[in-house]
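A look at the structure
So the chains spell out like this:
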Amino acid sequence: MSARFEFRGLVAGYGGTTILRGIAGAVAAGEVLFVLGRNGVGKSTLMKALMGFLPCREGAVRLDGREIGGLAPPERRRAGITYCPQERAVFDELSVADNLFLTAPPGAAARLAPLAERFPILARRREQRAGTLSGGEKKILSFVRGAIEDHSLVLLDEPTEGVQAENIERMEAVVREQCAAGTAFVVVEQNLAMAERLADRWLVLDKGQVVAEGSGRPERAAIIAHIQV
Ligand SMILES: Nc1ncnc2c1ncn2[C@@H]1O[C@H](COP(=O)(O)OP(=O)(O)OP(=O)(O)O)[C@@H](O)[C@H]1O
Ligand SMILES: [Mg+2]
């Protein structure tokens, strides 16, 4: 595989505590890599490390062959990475429209039009403060904000948490379309059904390490064997 994005030997944590203990993974252009695992195993910590919010004590991160492990989050963003975090995914004090466009690159408005049709909630709540949205609606806003950036790599941390089934289907359709256009995704999910439908690669974390991995759609039984508490 020629990797759009790869990470190797990542070691990171908070203060004196080590959470990630040598994690590796890779994803090609047009592929979705799922990061699975039960609560508290380090999935979000990995995403923060990949975006540069958490410095790694060891390891390498490469985007299109370029080492980016030393770059701060804004620089990784400029290099072409979009990050939709699990927590505090939107600016509560800003309107839905400002959340979408405050940091959007040129051309984002045109890219929003088909997405706004798919997710009518965004147009209906356009002028409303994002803090008034439900948890699932905030996830949709964050997902769409990321989608209109049109970057080469998108990191999604639990994008479907609290999102209704019909909107999960719409998110999946967007991911498929963007993959077809060459975007790569790394997706953290508790939603195994989504991984079964979308994954080109997957890995399961436990206690900050990769305990299982594979390519193609994962077998539910193989995943569950590694996820059970
Ligand atoms: N800011 C922080 N400071 C200290 N410890 C943290 C911090 N954030 C997370 N941790 C700890 O790191 C470990 C991994 O947390 P992380 O959020 O990465 O797990 P997760 O796999 O994303 O869990 P979940 O499925 O619940 O989102 C946990 O033990 C957690 O308590
Ligand atoms: Mg998490």
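Placed above this text is the structure.
Below you will find a few notes about this structure. What you see is a predicted model; the values in this text were computed from it and never measured. (Residues numbered from 1 in each chain as written. Chains lettered and ligands numbered in written order. Predicted model: local features only at pLDDT ≥ 70, side-chain atom pairs only at ≥ 80, totals over all residues. Heavy atoms only, no water.)

**Observations concerning the site of ligand 1**
In the region of ligand 1, 14 residues are neighbours, and G40, K43, S44, T45 and Q86 sit closest. S44 is positioned such that a nitrogen or oxygen atom in its backbone is 2.9 Å from an oxygen atom of ligand 1. Contact distances for ligand 1 include 2.9 Å between an oxygen atom and a side-chain N or O atom of Q86. Surface burial for ligand 1 is 59%, taken as the share of its 640 Å² of free accessible area covered by protein chains. Counted by class, the shell around ligand 1 contains 3 nonpolar, 7 polar and 4 charged residues. (Near = heavy atom within 4 Å. Polar contact = N/O pair within 3.5 Å; in protein donor to acceptor, adjacent residues only side chain to side chain. Areas by Shrake-Rupley, 256 points an atom, 1.4 Å probe, with all protein chains shown as cover. Nonpolar A, V, L, I, M, F, W, Y, C, P; charged D, E, K, R; others polar.)

**Looking at the packing of aromatic side chains**
Geometrically, a pair of aromatic rings is defined through the distance of the ring centres and the angle of the planes. Applying the stated criterion across every chain yields a total of 3 aromatic pairs. Between F5 and F7, the ring centres sit 5.8 Å apart and the planes meet at 55 degrees, which makes this aromatic pair tilted. When the centroid spacing of 5.7 Å and the interplanar angle of 40 degrees are considered together, the rings of F53 and Y83 count as tilted. In this pair, F53 sits in the loop between helix 1 (43-51) and strand 4 (58-63) while Y83 sits in strand 6 (residues 81-84), placing the two residues 30 residues apart along the sequence. (Phe/Tyr/Trp six-rings, centres within 6.5 Å; stacked < 30°, edge-to-face > 60°. Helix = DSSP H or I, 4+ residues; strand = E, 2+ residues; numbered from the N terminus.)

**Some details on the sheet that holds strand 6**
Sheet architecture is open: 6 strands sit in the order 6-7-8-3-9-10, paired in mixed fashion. Two strands bound the open sheet, and with one partner strand each, they are strand 6 and strand 10 (209-215). Here the average twist between neighbouring strands, direction ignored, is 15 degrees. Here strand 9 (residues 201-206) runs beside strand 10; their pairing, made up of 6 bridges, is antiparallel. If you follow W202 over to strand 10, its bridge partner there is G214. (Pairing = 2+ DSSP bridges. Axes fitted to C-alpha atoms, helices over the stretch in contact; angles between N-to-C directions.)

**Some remarks on helix 7 (residues 165-180)**
Taking 1.5 Å as the rise per residue, helix 7 with 16 residues should run 22 Å; its terminal C-alpha atoms sit 23 Å apart, in good agreement. The set of residues buried in helix 7 consists of N167, I168, M171, E172, V174, V175, Q178 and C179. Summarising the axial view, the buried residues of helix 7 lie within an arc of 160 degrees, below the 170-degree limit, and thus occupy one face. In helix 7, those exposed residues whose orientation departs by more than 90 degrees from the buried face are A165, E169 and A180. Contacts from the buried residues of helix 7 go to strand 3 (32-36), helix 4 (108-118), helix 6 (135-147), strand 8 (184-188) and helix 8 (192-198). Looking one or two places after helix 7, you find G182, whose phi comes out positive at around 105 degrees. (Expected span 1.5 Å × (residues − 1). Buried < 20%, exposed > 50% of the residue type's maximum accessible area, 1.4 Å probe, protein only. Arc of directions from axis to C-beta. Contact = heavy atoms within 4.5 Å.)

**Quick look at the coordination of the magnesium ion (ligand 2)**
Those protein atoms acting as donors to the magnesium ion (ligand 2) are S44 (OG) and Q86 (OE1), and they sit at 2.0 Å. With a gap of 42 residues between them, S44 in helix 1 and Q86 in the loop between strand 6 and helix 3 (96-101) connect regions that are remote in the sequence. Comparing S44 with Q86 shows no difference in burial state: the two are buried. (Donors = N, O, S within 2.8 Å, 3.2 Å for Na, K, Ca; no water.)

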